[in-house]
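Report on the structure
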Amino acid sequence: MRTEEDTPRTERVLLVESRASKEALAAFGQGFIQRSANEEALFISFNYADVPVGRQFDRCFGRADQSDVVGLTVTVVAVTQQFGAGWDKIPHGWKTLTLLRFEPEIPSLIRHLPEASSWYEQPVSVYISDRATWEARTANE
């Protein structure tokens, strides 16, 4: 277990690999509730800390160009990894299938991600964090 407080500010990002395909949702996401129009199931890479369902973030930005940033509200709605069993958090060090709600809408950085049927098919290309983390990461650019 690793808490957010135990994680350096610059590392507090969700590492987004891809959107989950219909096949991935059928295989892994059976426990997810029906998604609304502003929710997306995403493959998240190795997580920086234990992040509970309900945690909110407010920045979505490109890995290659961190100045390509969108301010919005992102909420962790549901998490799974093994055979569709729901979890109450994104565990530290795990790759997960995570349902995120984007308000007011899903940003183009997320909408344009490729779909995948599992982890490791796409490299991490989008980060999600809070404003303080984004500012810390871009302070010296």
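Here, the structure is the one placed above.
Here we summarise the structure given alongside this text. On a predicted model such as this, the values are computed, not experimentally measured, just so you know. (Residues numbered from 1 in each chain as written. Predicted model: local features only at pLDDT ≥ 70, side-chain atom pairs only at ≥ 80, totals over all residues. Heavy atoms only, no water.)

Here Q81 lies in the loop between β5 (69-80) and β6 (86-87). Judged by its relative accessible area of 18%, Q81 falls in the buried class. Distance in space between the C-alpha atoms of Q81 and W94 is 8.5 Å, their sequence separation being 13 residues. Once residues lying within four places of it in the same chain are set aside, the contact partners of Q81 are F28, W87, W94, K95, T96 and W119. (Helix = DSSP H or I, 4+ residues; strand = E, 2+ residues; numbered from the N terminus. Buried < 20%, exposed > 50% of the residue type's maximum accessible area, 1.4 Å probe, protein only. Contact = heavy atoms within 4.5 Å.)

Further remarks concern the nonpolar core. V16, L42, F57, L100, F102, I110 and I128 are the most contacted members of the largest nonpolar core, which has 22 residues in total. Those elements that provide at least two residues to this core are β1 (14-20), β2 (39-44), β4 (56-62), β5, β8 (96-103), α2 (108-111) and β10 (126-129). For this core, the leading source of residues is β5, giving 4 residues. Apart from the residues lying within four places of it in its own chain, the contact partners of F57 are L14, Y48, V51, L72, T73, V74, V76, I128, S129 and D130. (Core = buried A, V, L, I, M, F, W, Y, C linked by side-chain atoms within 4.5 Å.)

Moving on: the environment of Q56. In this fold, Q56 is placed in strand β4. If we ignore the near neighbours within four places in the chain, the residues touching Q56 are T73, V74 and T75. Of note is the side chain of Q56, whose polar atom sits 3.0 Å from the side chain of T75. (Polar contact = N/O pair within 3.5 Å; in protein donor to acceptor, adjacent residues only side chain to side chain.)

For the rest of this paragraph, the subject is the packing of aromatic side chains. Scanning the model with the defined rule gives 4 aromatic pairs in all. Between the aromatic rings of W87 and W94, the centroid separation amounts to 5.1 Å while the plane-to-plane angle is 90°, which identifies the pairing as edge-to-face. A residue is classified by how much of its surface remains accessible, and W87, at 22% relative accessible area, is partly exposed. Ring pairing ties together the aromatic residues F28, F43 and W119, which thus form one cluster. Across the ring face of F57, the terminal group of R55 is positioned such that the distance to the ring centre comes to 4.2 Å. Directly above the aromatic system of F46 lies the positively charged group of K95, at a separation of 4.9 Å from the ring centroid. (Phe/Tyr/Trp six-rings, centres within 6.5 Å; stacked < 30°, edge-to-face > 60°. Lys NZ or Arg CZ within 6 Å of the ring centre and 35° of its normal.)

Residues V126 and I128 line one face of β10 and the alternating positions Y127 and S129 line the opposite face, and both faces are buried. Where β1 and β10 come together, 3 bridges link them in antiparallel fashion. Paired with L15 across the two strands is Y127, which belongs to β10. Taken together, the 4 bridges between β4 and β10 define a ladder with antiparallel strand orientation. Residue pairing across strands places R59 opposite S129, the latter belonging to β10. (Pairing = 2+ DSSP bridges.)

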